[in-house]
Protein chains: 2
Amino acid sequence: MEEEALFNYVNQHSEEYIHRLREAVALDSVSSDPNKRSRCLDMANYICKWIEKLGGKPIVKHIGKQTFPDGQVLDYPPILFGDFTVDTKEKPVLLAYCHYDVQPADIQDGWKFDPFQLVEEQGKLYGRGATDDKGPLLGWLWAIEAYKQLGIPLPVNLLLCFEGMEESGSTGLDRVIEEESKVGGLLSNVKYVCITDNYWLTEHRPCLTYGLRGIVYFQVHIEGPKMDLHSGLFGGLVNEPMNDLIHLFSSLTDIHGNILIPQVMDSVAPVTKEEELLYEKILFDPQLLKQEAGQVSHLRESNKVKLLMNRWRFPSLSFHGIQGAFSGPGEKTVIPGKVTGKFSIRLVPHQQPEEIARYVENYLRQQMNKIQSGNVLQVEWRGASPWLADYHNSNFQAARSAFQKVYQVDPDLTREGGSIPITNTFQEYLGGEIYEQTQLYTRNQSYYSLYE
Amino acid sequence: MEEEALFNYVNQHSEEYIHRLREAVALDSVSSDPNKRSRCLDMANYICKWIEKLGGKPIVKHIGKQTFPDGQVLDYPPILFGDFTVDTKEKPVLLAYCHYDVQPADIQDGWKFDPFQLVEEQGKLYGRGATDDKGPLLGWLWAIEAYKQLGIPLPVNLLLCFEGMEESGSTGLDRVIEEESKVGGLLSNVKYVCITDNYWLTEHRPCLTYGLRGIVYFQVHIEGPKMDLHSGLFGGLVNEPMNDLIHLFSSLTDIHGNILIPQVMDSVAPVTKEEELLYEKILFDPQLLKQEAGQVSHLRESNKVKLLMNRWRFPSLSFHGIQGAFSGPGEKTVIPGKVTGKFSIRLVPHQQPEEIARYVENYLRQQMNKIQSGNVLQVEWRGASPWLADYHNSNFQAARSAFQKVYQVDPDLTREGGSIPITNTFQEYLGGEIYEQTQLYTRNQSYYSLYE
């Protein structure tokens, strides 16, 4: 049977895969560091050579030059495509997205080992990029290799899309996707998308992500005095913009952080019975979450389902900070003349950024009218929509059955609390069925978790 | 008559005084700038030479070396005393305090003329330090000169005290005052203190200051997660320290800025009938205050007496800012793990810093208990007492009659909203009678306002 042959091949070559992952981790492709830019290009070359070797067509999209704060001007890491078209008439096109750049890492940050040397300890592999996202990226290549070596044709037309700026804002990617999605473009026939750049909730069960929260980020400007004032001379005389802002902010949430803005919660999709059952089945330990959340003593919920729903399918409001006020250490007694408060609301279906922003702005204006300080309020916002896929669709069914075969377990169907903007870009231009997962290596029927 | 002779002498020499002020302004003694440190020393020399020339004994107190952030190590500008003792048995000792350093100034800050070239325009003299505080400082010297030239003995034993670090925290002054106040010390016989380092409320009437507000400065630390968190992943799960802080802060004041902390207002001295009458007589225009306060459209009071009382004799609370939260331009979606909110309360008699700090801390702890976030509150404070003199005392009476003679007007008796820490130091170590004023040059019976 083809499948068994493939699994055997993969298991027989696991040592080799680890060796190659070690090579990739050692290419310290930190996209934010100009001194590591050549390593990003090395990593891109490493990938292109493998695409070619495996019979694919590497397509390199250059996206121009980057000027760094220190004045250096360097080429951006290119966007790489690997075209493994086998039969566009009979088989659909599956786009696989990963990134080959990594976050910075230094042994002094608290790593036990050199972060760019892959180390195995107690069945776990440690190294920067091992799971985010070089392991998943290479996984696609070795899957293709196994088909090729066994002489089995690929079951789909695979189109790989690997970017090198994901950790630095995905520069250029939107534009390339938009262009290549047009008729005749590289992506014009894509039917399915698989993003392998996400985490498992626990070490024990794979996840398939079908939803992401959106966001509206607000900057609330309050302008009073045309300059900063001495609080000895003017304290008690002027209506201080900071006092306005503190009271505006405190009207947005209750003391526990629940959103108080009228209408904002109205468009949140009601929880279905099916969803509740889904959440109950998910493997997740609130106690471990406390550790993950910086060793907090309390969480906002103790119940697993409520916690996960708070993360994934309910909005949340976070205050991020204040610009224009004193933010240094020590004491400064100034009355700031103009302050900008920053907060964001994570959005869930069916909240749309424009609508939520309108409610928030109206409410802020109402509150400001009550204060009657004479200071001027200005509200600025930027938003991204939430994303939700139908996990009953064929793409998700295929992914679920793949997980069942490899891990002998049904994956948890999860959402994410954050936004992955590229998801909305794919959705907008390709309109296809998307799912997100983290791939894991298999080895002698057990598997390695990939840690960073 | 001696007095008339003195006035005539002063009026006849006004051009010379302006010339000498021009020399002093040109010595750009900016105490905060290491590159201008030699100019501070030049200014100290200039003063010492004059003290000597006028028959006084200059005493130079060196206060050690300063290490600047750029690594330069330079001598601090010395504290200068000028001893003009004439007869310690019959006449009291009057200590006159001024400072010879200035704030930085640059034509690019919006000055019409080079700030270190004294310029006369429409009967006004412009130049950095002209009024704060070189004009008043030199005024003492020219008064002595007039007595000397006319062969009239000084009516008091004058002890000048001129520092060169006032604009940079008065480094070393407290210690020198403490030491020299001991039996046998330079200041041990001081009976009266006159601080000439303050402003007039308007251009039209001199002021005598008999009170200053104190201050308690609070740093409110709230610690939750041991690190900053991603608001996508943790928004809705953790009790965010910023949410706690926003609600603590908003409980301190109402939307108009009035203090809501229980007991804090209880120890404010009641307004007397005499005070009300005093405030009503003061020359002050709320419309001009709007300009001064950065062109604000609204003040917290429209009535003159209420405004002045808010500035001088009622407490006020100002929020200064938040440390540890995002304070830069643009957007950052982090949940800060630890934040420090900063605010201060200006104190008036009979509020004492320790007492007010206790009320505030208790209240903050009560509010935090309501929130039950599990985050840890820590309150840090530092305070300075308010200062209030009895303007019926002989020192004030002497100053008032001097103003009446020179300006033919009773000066306004004013307080200040800010703190001048040196006042409390003099009060503590000398225990004498203190008043504060701004001296103005007289010229042909009219006078120059000194502008910066």
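Here the structure is a predicted model, which is why all the values come from computation and not from measurement.

## Comments concerning the overall build of chain A
Scanning chain A from N- to C-terminus turns up 13 helices and 22 strands. What you see for chain A is a C-alpha radius of gyration of 25 Å, in line with the 22 Å of a compact globule of 452 residues. Projected onto the principal axes, the alpha-carbon positions of chain A cover approximately 85 × 55 × 50 Å. Split into buried and exposed, the 452 residues of chain A put 56% on the buried side. When the accessible surface of chain A is split by element, carbon and sulfur atoms take 49% of a total near 18900 Å².

## A short note on the domain arrangement of chain A
Residue and element names in this part refer to chain A. One can read the domain layout of chain A as domain 1 (2–212 + 388–451) and domain 2 (214–269 + 313–384). Computed over C-alpha atoms only, the centres of domain 1 and domain 2 are separated by 39 Å. Counting residues at the interface gives 6 residues for domain 1, matched by 5 residues for domain 2. Taking both partners together, domain 1 and domain 2 bury about 450 Å²; carbon and sulfur atoms supply 45% of that area.

## Quick word on the side chain of B:Asp83
Residue and element names in this part refer to chain B. The residue Asp-83 is located in strand 4 (residues 79–84) in this model. Despite its burial, Asp-83 pairs with no opposite charge, the nearest such side chain being Lys-57 at 5.3 Å. For Asp-83, the side chain forms a polar contact with the side chain of Thr-85, separated by 2.4 Å.

## Re the UniProt feature "domain: Peptidase M20 dimerisation" (unreviewed entry) in chain A
According to UniProt, the "domain: Peptidase M20 dimerisation" (unreviewed entry) feature falls on residues 210–368 of chain A. Taken end to end, residues 210–368 of chain A is 35% helix and 22% strand, and its two terminal C-alpha atoms sit 39 Å from one another.

## Here's the deal with the pairing of strand 10 (residues 207–212) of chain A
Residue and element names in this part refer to chain A. Judged by how many residues are buried, strand 10 sits mostly within the fold: 6 of 6 residues are covered. As defined by bridge partners, strand 10 adjoins strand 18 (residues 412–416) across 5 bridges and the pair is classed as parallel. Counted as the bridge partner of Cys-207 is Asp-412 from strand 18. As judged from the 2 bridges shared by strand 10 and strand 17 (residues 387–388), these two strands associate in the antiparallel manner. Among the inter-strand pairings, Leu-212 is bridged to a residue of strand 17, identified as Trp-387.

## With respect to the relation of the copies chain B and chain A
Note on the identical chains: chain B maps onto chain A by a rotation of 180° and an axial translation of 0.0 Å, with an RMSD of 0.1 Å. Look at the turn and shift together and you get a two-fold axis relating the two. Both copies present the same face, since 100% of the interface residues in chain B are matched by interface residues at the equivalent positions in chain A.

## Digging into helix 13 (residues 421–430) of chain B
Residues and elements named next belong to chain B. Every buried residue of helix 13 is accounted for by Ile-422, Thr-423, Thr-425, Phe-426 and Leu-430. The arc enclosing the buried residues of helix 13, seen along the axis, measures out at 160°, which places them on a common side. Structural note: helix 13 exposes Pro-421 and Glu-428 on the side pointing more than 90 degrees away from its buried face. Gly-431 occupies a position one or two residues after helix 13 and carries a positive phi of about 65°.

## Describing the packing of aromatic side chains
Within this structure, the stated rule accounts for 24 aromatic pairs over all chains. Ring geometry for B:Trp50 against B:Trp142: centres 4.8 Å apart, planes inclined by 75°, an arrangement best described as edge-to-face. Of this pair, B:Trp50 sits in helix 3 (residues 37–53) while B:Trp142 sits in helix 4 (residues 130–150), placing them 92 residues apart in sequence. As far as burial versus exposure is concerned, B:Trp50 and B:Trp142 are alike and both buried. If you follow A:Lys53 out to its NZ or CZ, it ends over the ring of A:Trp50, 4.5 Å from the centre. Over the aromatic face of B:Phe234 sits the side chain of A:Arg311, whose NZ or CZ is 5.2 Å from the ring centroid.

## A few points about the environment of A:Phe249
Within the secondary structure, A:Phe249 is located in helix 7 (residues 241–250). Once the C-alpha coordinates of A:Phe249 and A:Leu364 are considered, the two residues, 115 residues apart in sequence, prove to be 8.7 Å apart. Beyond its immediate sequence surroundings of up to four residues, A:Phe249 is in contact with A:Val220, A:Phe319, A:Gly341, A:Lys342, A:Phe343 and B:Ile246.

## Some words on the sheet that holds strand 15 (residues 338–347) of chain A
All names here are of chain A. Taken in spatial order, the 4 strands of this open sheet run 13-15-11-16, and their pairing is antiparallel. Bordering the open sheet on either side are strand 13 (316–323) and strand 16 (376–384), each of which pairs with just one other strand. Adjacent strand axes in the sheet meet at a mean angle of 15°, parallel and antiparallel pairs treated alike. Sheet topology note: the strand 11 (residues 214–223)/strand 15 ladder contains 10 bridges and is antiparallel. Following the sheet pairing, Tyr-217 is matched in strand 15 by Ser-344.

## Quick notes on the sheet that holds strand 11 (residues 214–223) of chain B
Residues and elements named next belong to chain B. Ordered by their spatial adjacency, 4 strands build an open sheet running 13-15-11-16, and the pairing between neighbours is antiparallel. The sheet terminates laterally at strand 13 (316–323) and strand 16 (376–384), the two strands that pair on one side only. Averaged over all pairs of adjacent strands, the angle between their axes in this sheet comes to 15°, without regard to strand direction. With 7 bridges connecting them, strand 13 and strand 15 (residues 338–347) associate as antiparallel partners. Within strand 15, the residue paired with Gly-321 across the bridge is Lys-342. Sitting on the sheet, helix 7 (residues 241–250) is in contact with strand 11, strand 13, strand 15 and strand 16, with an inclination near 150° to strand 11. On top of the sheet, helix 11 (residues 353–371) reaches strand 11, strand 15 and strand 16; it is set at about 165° to strand 16, its chief contact.

## With respect to the interface of chain B and chain A
Taken together, the contact between chain B and chain A spans 77 residues of the former and 77 residues of the latter. Together chain B and chain A conceal approximately 6200 Å² of surface at their shared face, both sides included; 54% is due to carbon and sulfur atoms. Three residues stand out in chain B for area buried against chain A, namely B:Leu237, B:Ile255 and B:Glu331, and they jointly supply 11% of the buried area on that side. Taken together, chain B and chain A are joined by 2 salt bridges. Run the count over chain B and chain A and you get 48 residue pairs in polar contact (both at pLDDT 80 or more). Ranked by residues supplied to the side of chain B that touches chain A, first place goes to strand 13 of chain B with 8 residues. Each residue belonging to the side of chain B that touches chain A can be placed in one class, and the counts come to 28 nonpolar, 34 polar and 15 charged.

About the thresholds
- Residues numbered from 1 in each chain as written.
- Chains lettered and ligands numbered in written order.
- Predicted model: local features only at pLDDT ≥ 70, side-chain atom pairs only at ≥ 80, totals over all residues.
- Heavy atoms only, no water.
- Helix = DSSP H or I, 4+ residues; strand = E, 2+ residues; numbered from the N terminus.
- Rg over C-alpha atoms; globule rule 2.2 N^0.38 Å.
- Buried < 20%, exposed > 50% of the residue type's maximum accessible area, 1.4 Å probe, protein only.
- Areas by Shrake-Rupley, 256 points an atom, 1.4 Å probe, with all protein chains shown as cover.
- Domains from an automatic or database assignment.
- Contact = heavy atoms within 4.5 Å.
- Buried area = accessible area lost by both parts, 1.4 Å probe.
- Lys, Arg positive; Asp, Glu negative; His and termini not counted.
- Salt bridge = Lys/Arg side-chain N within 4 Å of Asp/Glu carboxyl O.
- Polar contact = N/O pair within 3.5 Å; in protein donor to acceptor, adjacent residues only side chain to side chain.
- UniProt positions renumbered as here; feature names shortened; annotations may be inferred.
- Pairing = 2+ DSSP bridges.
- Least-squares fit on C-alpha atoms with pLDDT ≥ 70 in both.
- Arc of directions from axis to C-beta.
- Phe/Tyr/Trp six-rings, centres within 6.5 Å; stacked < 30°, edge-to-face > 60°.
- Lys NZ or Arg CZ within 6 Å of the ring centre and 35° of its normal.
- Axes fitted to C-alpha atoms, helices over the stretch in contact; angles between N-to-C directions.
- Nonpolar A, V, L, I, M, F, W, Y, C, P; charged D, E, K, R; others polar.

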